[in-house]
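Okay, here's what each chain looks like letter by letter:
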Amino acid sequence: AMTRRFNDISWWVSEHCVQPKLKDRVKYMSKFIRIIEHLRSFNNFNTIMAFIAGLTNSAVFRLKITKEELKPKTQETLNELLKTMSSDGSFKEYRKTIQTANPPLIPYLGVFLTDLTFIEDGSPDKIRNNLINFHKRQQVYDVLDKVHIYQQQPYNFLPVSQIADLLKKIPHRTAEEVDKMQRDLYAKSLEFEPRNVERE
């Protein structure tokens, strides 16, 4: 469910950033970056990554003129967030950030899934004499224990009906719809900001 929600948010962000008018593209992109800043203050790294995935979708990321119209402070904020959540060095910066963050906290689940896959694929279930590989089991436990620790302290938010209603309206798309949407979105992106176009 969280992976599906992650993808839905990412597409919602991408769709809103690819608008016919430059001022609307700048408005949405700036708004989403401000939202990411608020998510960072709440240590909601999973949703931060969903928004970043939307902003780095190929149809959005190529919008050079739009990004140039962002305020310098907004551009700087975006670059810092991209650096923090970069996959470079097996998410080195993110891992450092999360170690010093105070709960409550929602980690980016993709890192845990990657770690579990690495452990599963990189270590045998059995070792010499057909014995259980307890080292592998300990590694799996260590990853799952981190997830469990982050679930111990809840957020203390008051419901805001307008925000809740907006979040409920984010549409879910099937894999087929996503494929078509990516093609359509990229075509619109090229239409609204053709390749090699210069700022007026």
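Note that the structure is a prediction, hence the values are computed from the model and not measured. (Residues numbered from 1 in each chain as written. Predicted model: local features only at pLDDT ≥ 70, side-chain atom pairs only at ≥ 80, totals over all residues. Heavy atoms only, no water.)

**Here we look at the nonpolar core**
Stage number 1. Val13, Phe45, Phe51, Leu55, Met85, Tyr94 and Tyr108 are the most contacted members of the largest nonpolar core, which has 42 residues in total.
Stage number 2. With seven residues, helix H3 (residues 45-55) is the largest single contributor of residues to this core.
Stage number 3. The residues touching Tyr94, leaving out its near neighbours within four places in the chain, are Phe45, Thr84, Met85, Pro107, Tyr108 and Val111. (Core = buried A, V, L, I, M, F, W, Y, C linked by side-chain atoms within 4.5 Å. Buried < 20%, exposed > 50% of the residue type's maximum accessible area, 1.4 Å probe, protein only. Helix = DSSP H or I, 4+ residues; strand = E, 2+ residues; numbered from the N terminus. Contact = heavy atoms within 4.5 Å.)

**Remarks on the environment of Glu176**
Stage number 1. Checked against the element boundaries, Glu176 lands in helix H11 (residues 175-192).
Stage number 2. For Glu176, a relative accessible area of 58% gives the class exposed.
Stage number 3. Sequence separation of Glu176 and Leu113 is 63 residues, and the distance between their C-alpha atoms is 24 Å.

**Here we look at the packing of helix H1 (residues 2-17) against H3**
Stage number 1. One can describe the packing of H1 onto H3 by two numbers: an axis separation of 7 Å at closest approach and a directional angle of 40 degrees. On the basis of their axis angle, the class for H1 and H3 is oblique. Relative to H3, H1 is oriented so that their crossing is right-handed. Contacts from Met2, Phe6, Ile9, Ser10, Trp12, Val13, Ser14 and Cys17 in H1 reach Asn46, Thr47, Met49, Ala50, Phe51, Ala53, Gly54 and Leu55 in H3.
Stage number 2. Tallied by class, residues from the contact of H1 with H3 come to 11 nonpolar, five polar and no charged. (Axes fitted to C-alpha atoms, helices over the stretch in contact; angles between N-to-C directions. Parallel < 35°, antiparallel > 145°, perpendicular 65-115°, else oblique. Left-handed = near helix turned anticlockwise from the far one by under 90°. Nonpolar A, V, L, I, M, F, W, Y, C, P; charged D, E, K, R; others polar.)

**What about the packing of aromatic side chains?**
Stage number 1. Under the definition given, this model contains 11 aromatic pairs.
Stage number 2. With a centroid separation of 5.1 Å and 15 degrees between ring planes, the pair formed by Tyr155 and Phe157 is classed as stacked.
Stage number 3. When its relative accessible area of 24% is taken as the criterion, Tyr155 is described as partly exposed.
Stage number 4. Aromatic ring contacts, followed pair by pair, group Phe6, Phe45, Phe91, Tyr94 and Tyr108 into a single cluster.
Stage number 5. Of note, Lys27 hangs over the ring of Tyr28, and the distance from its end group to the ring centre comes to 5.1 Å. (Phe/Tyr/Trp six-rings, centres within 6.5 Å; stacked < 30°, edge-to-face > 60°. Lys NZ or Arg CZ within 6 Å of the ring centre and 35° of its normal.)

**What to know about the environment of Ser90**
Stage number 1. Looking at the secondary structure, you find Ser90 in helix H7 (residues 88-100).
Stage number 2. For the pair Ser90 and Asp115, spaced 25 residues apart in sequence, the C-alpha to C-alpha distance is 9.2 Å.

**Points about the layout of surface pockets**
Stage number 1. Estimates place the volume of the largest pocket at around 1,000 Å³.
Stage number 2. Lining the largest pocket are 29 residues, and of these Ile35, Leu39, Thr47, Ile163 and Leu167 lie nearest its centre.
Stage number 3. For the lining of the largest pocket, the secondary structure elements donating two or more residues are H1, helix H2 (22-41), H3 and helix H10 (161-168).
Stage number 4. Considered as a void within the structure, the second largest pocket measures approximately 240 Å³ in volume.
Stage number 5. For the second largest pocket, the full set of lining residues is Tyr94, Arg95, Ile98, Gln99, Ala101, Pro103, Val111, Phe112, Asp115, Val143, Lys146 and Tyr150.
Stage number 6. Breaking the lining of the second largest pocket down by element, the ones donating at least two residues are H7, helix H8 (109-122) and helix H9 (134-150).
Stage number 7. In terms of residue count, the dominant contributor to the lining of the second largest pocket is H7 (four residues).
Stage number 8. Among the residues making up the lining of the second largest pocket, the classes are represented as eight nonpolar, one polar and three charged. (1 Å grid on protein atoms, 1.4 Å probe; cavity = no way out; pocket = protein on both sides within 12 Å on 5 of 7 lines; lining within 4 Å. Points joined across faces, edges and corners; volume = space filled by probe spheres on them.)

**Some thoughts on H3**
Stage number 1. Burial within H3 is extensive, with 10 of its 11 residues counted as buried.
Stage number 2. The complete set of buried residues in H3 reads Phe45, Asn46, Thr47, Ile48, Met49, Ala50, Phe51, Ile52, Gly54 and Leu55.
Stage number 3. In this structure, the buried residues of H3 make contact with H1, H2, helix H4 (58-61), helix H6 (72-84), H7 and H8.

**A few points about the packing of H1 against H11**
Stage number 1. Between H1 and H11, the least distance of the axes is 11 Å, while the angle of their chain directions is 25 degrees. Judged on the interaxial angle alone, H11 and H1 are roughly parallel. In the packing of H1 onto H11, the handedness of the crossing is left-handed. Contacts between H1 and H11 pair Trp11, Ser14 and Glu15 from the former with Val178, Met181, Gln182 and Leu185 from the latter.

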